[in-house]
Amino acid sequence: MYTILLSPLIAGVIAQAIKFIIRSNKQKFSFKNMLAYSGMPSGHTAMVVSLTSIIGLVNGVDSPFFAISFVLAIIVIRDALGMRRYLGQHGRTLNILVRDLREDEMLDEQYPHLLERIGHTPLQVLVGGLIGLLVSYLIFLL
């Protein structure tokens with residue numbers, strides 16, 4: 001029972017730690033990078049793939065729990081690749097519009113700078129999925 005809970009949590013922590021290390025090497029050190037939405041690898045994908053795979057290993061792929069987690073994984077991965085990436089494009093466009101209207105100080109005061117990178121690339125999702133698979137398999141062996 002605890003392996004089904006621990007596996008996705010450990011996979012998510014590992015993915016976020018890797019993301020933190022990668023971002024800290026590229027940018028100024030910031031704890032904000034630990035909870036970053038985008039970047040390599042996808043923590044969300046690592047968690048749901050780990051959840052799905054550990055359920056498949058423990059309960060079998062013919063389990064209703066596996067079916068539920070598989071559908072959840074599809075939704076989360078699709079969201080990471082599609083909707084959140086699309087929202088990032090909107091944020092980038094709106095930030096450009098606000099920046100271009102600099103003569104109006106009210107815009108800078110009332111509208112916050114929007115996040116532009118909140119989605120994932122297919123490679124980031126793939127690496128997150130591999131982390132999830134590896135973590136759940138190693139926990140299953142223990």
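Residues numbered from 1 in each chain as written. Predicted model: local features only at pLDDT ≥ 70, side-chain atom pairs only at ≥ 80, totals over all residues. Heavy atoms only, no water.

A. Just the overall build of the protein chain, in detail. On a plain count of helices and strands, the protein chain comes out with five helices and zero strands. In sequence order, the protein chain lays out its α and β elements as α-α-α-α-α. Taken over 142 residues, the protein chain has a buried fraction of 37%. Counting only contacts in the protein chain whose residues sit at least 6 apart along the sequence, the fraction spanning at least 24 positions is 72%. (Helix = DSSP H or I, 4+ residues; strand = E, 2+ residues; numbered from the N terminus. Buried < 20%, exposed > 50% of the residue type's maximum accessible area, 1.4 Å probe, protein only. Contact = heavy atoms within 4.5 Å.)

B. How the structure looks around a nonpolar patch on the surface. Taken together, Tyr 2, Leu 5, Leu 6, Leu 9, Ile 10, Ile 14, Ile 18 and Met 47 make up a surface patch of nonpolar side chains, about 720 Å² in accessible area. Looking at where Leu 6 falls in the secondary structure, it is placed in helix 1 (residues 2–26). Classification of Leu 6 by relative accessible area gives partly exposed; the value is 43%. (Patch = residues over 30% accessible without salt bridge, like charges linked within 9 Å, V, L, I, M, F, W, Y side chains within 5 Å. Areas by Shrake-Rupley, 256 points an atom, 1.4 Å probe, with all protein chains shown as cover. Salt bridge = Lys/Arg side-chain N within 4 Å of Asp/Glu carboxyl O.)

C. Representation of the nonpolar core. With 10 residues, the main nonpolar core is built from Ile 4, Ala 11, Ala 15, Ala 46, Ile 54, Ile 55, Phe 66, Ile 131, Val 135 and Ile 139. Listing elements by their share of this core, those giving two or more residues are helix 1, helix 2 (43–59) and helix 5 (122–141). Apart from the residues within four sequence positions on either side, Ala 46 is in contact with Ala 11, Ala 15, Gly 128, Gly 129, Ile 131 and Gly 132. (Core = buried A, V, L, I, M, F, W, Y, C linked by side-chain atoms within 4.5 Å.)

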